[in-house]
Amino acid sequence: MLLVCVPLLMVAACGAGAAIEPSPTVATSASGQVVPEAQAYVDAVNAKDLAARVASFAPDGEIVDVSRSIKGHDAIRAWADREVIGGSLRVIEVAEQRADGQKLLVYWAPAGSDGWRAHYDFTVGGGRIVKADLQYA
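The model shown is predicted, which means the values in this text are computed figures rather than measured ones.

The rules behind the values
Residues numbered from 1 in each chain as written. Predicted model: local features only at pLDDT ≥ 70, side-chain atom pairs only at ≥ 80, totals over all residues. Heavy atoms only, no water. Helix = DSSP H or I, 4+ residues; strand = E, 2+ residues; numbered from the N terminus. Expected span 1.5 Å × (residues − 1). Buried < 20%, exposed > 50% of the residue type's maximum accessible area, 1.4 Å probe, protein only. Phe/Tyr/Trp six-rings, centres within 6.5 Å; stacked < 30°, edge-to-face > 60°. Pairing = 2+ DSSP bridges. Axes fitted to C-alpha atoms, helices over the stretch in contact; angles between N-to-C directions. Contact = heavy atoms within 4.5 Å. Salt bridge = Lys/Arg side-chain N within 4 Å of Asp/Glu carboxyl O. Core = buried A, V, L, I, M, F, W, Y, C linked by side-chain atoms within 4.5 Å.

**Focus on helix α2 (residues 36-47)**
Under the 1.5 Å per step criterion, the end-to-end length of α2 is 16 Å for twelve residues, consistent within 8% with the ideal 16 Å. Every buried residue belonging to α2 is among Glu-37, Ala-38, Gln-39, Tyr-41, Val-42, Ala-44, Val-45 and Asn-46, and all of these are buried.

**With respect to the packing of aromatic side chains**
Per the counting criterion, the structure on display carries five aromatic pairs. Judged by centre distance (5.9 Å) and plane angle (90°), the rings of Tyr-41 and Phe-57 are edge-to-face. A residue pair is termed long-range when its members are at least 10 positions apart, and Tyr-41 in helix α2 and Phe-57 in strand β4 (residues 57-65) qualify at 16 residues. For Phe-57, a relative accessible area of 0% corresponds to the buried category. Here Tyr-41 and Tyr-120 contribute two aromatic rings whose centre-to-centre distance is 6.5 Å and whose plane-to-plane angle is 65°, an arrangement assigned as edge-to-face.

**Description of the sheet that holds β4**
Read across the sheet, six strands follow the order β5-β4-β9-β8-β7-β6 without closing on themselves; strand pairing throughout is mixed. The outermost strands of the open sheet, each flanked by one partner alone, are β5 (68-71) and β6 (88-98). Each strand of the sheet is rotated relative to its neighbour by a mean of 20°, with strand direction disregarded. Strands in contact with α2 are β4, β6, β7 (101-109), β8 (116-125) and β9 (128-136); relative to β6, the strand with the most contacts, it is inclined by about 170°.

**Details of the environment of Glu-37**
Among the structural elements, Glu-37 can be located in helix α2. For the pair Glu-37 and Phe-122, spaced 85 residues apart in sequence, the C-alpha separation works out to 8.4 Å. Each residue touching Glu-37, except ones within four places of it in the same chain, is listed here: Ser-56, Val-124, Gly-127, Arg-128 and Ile-129.

**Examining the pattern of salt bridges**
By the definition in use, this model includes seven salt bridges. As a salt-bridge pair, Arg-82 and Glu-83 come within 3.8 Å of each other at their nearest N and O atoms. A relative accessible area of 32% places Glu-83 in the partly exposed class. Across the salt bridge formed by Arg-98 and Asp-121, the nearest N and O atoms sit 2.8 Å from each other. With Arg-98 in strand β6 and Asp-121 in strand β8, this residue pair connects regions lying 23 residues apart in the sequence. The class for Arg-98 is partly exposed, based on a relative accessible area of 22%.

**Here we look at the nonpolar core**
Tyr-41, Ile-63, Trp-79, Leu-89, Leu-104, Tyr-120 and Phe-122 are the most contacted members of the largest nonpolar core, which totals 27 residues. Mapped by element, the contributors of at least two residues to this core are α2, β4, α4 (72-83), β6, β7, β8 and β9.

**Examining the environment of Arg-117**
Note on placement: Arg-117 falls in strand β8. The spatial distance from the C-alpha of Arg-117 to the C-alpha of Tyr-136 is 6.5 Å, given a sequence separation of 19 residues. Once residues within four sequence positions are removed from consideration, Arg-117 is found in contact with Ile-92, Leu-105, Val-106, Tyr-107, Tyr-136 and Ala-137.

Written as structure tokens, this is what we have:
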């Protein structure tokens, strides 16, 4: 796996039990660059910007959080405020590229947690996220 990232992050990721910091740059891998809509979501999570996170979705956009469906800006805002604010998100690689989006392998660390790997599968359209399917990797 080829991953381009900030050298400091590579050092932090190699240390035993070290916290993995989110990448402040656009992540790329051998399989491609993160689509702008997904990057906007990643950036909003790491900036702890609730309004930007919600705005990255289409008005009727959907998040599937493991098995829960969260639809529309109001529901996404409430979910993100409860469960995402304060966490960090780092793209490890583009796992799958499609015409309508991509699946990313990410490292998600909620506030107060060491975190875990997950697959975030983004379907995009009209410059926004239409659906984000978030599953454990």
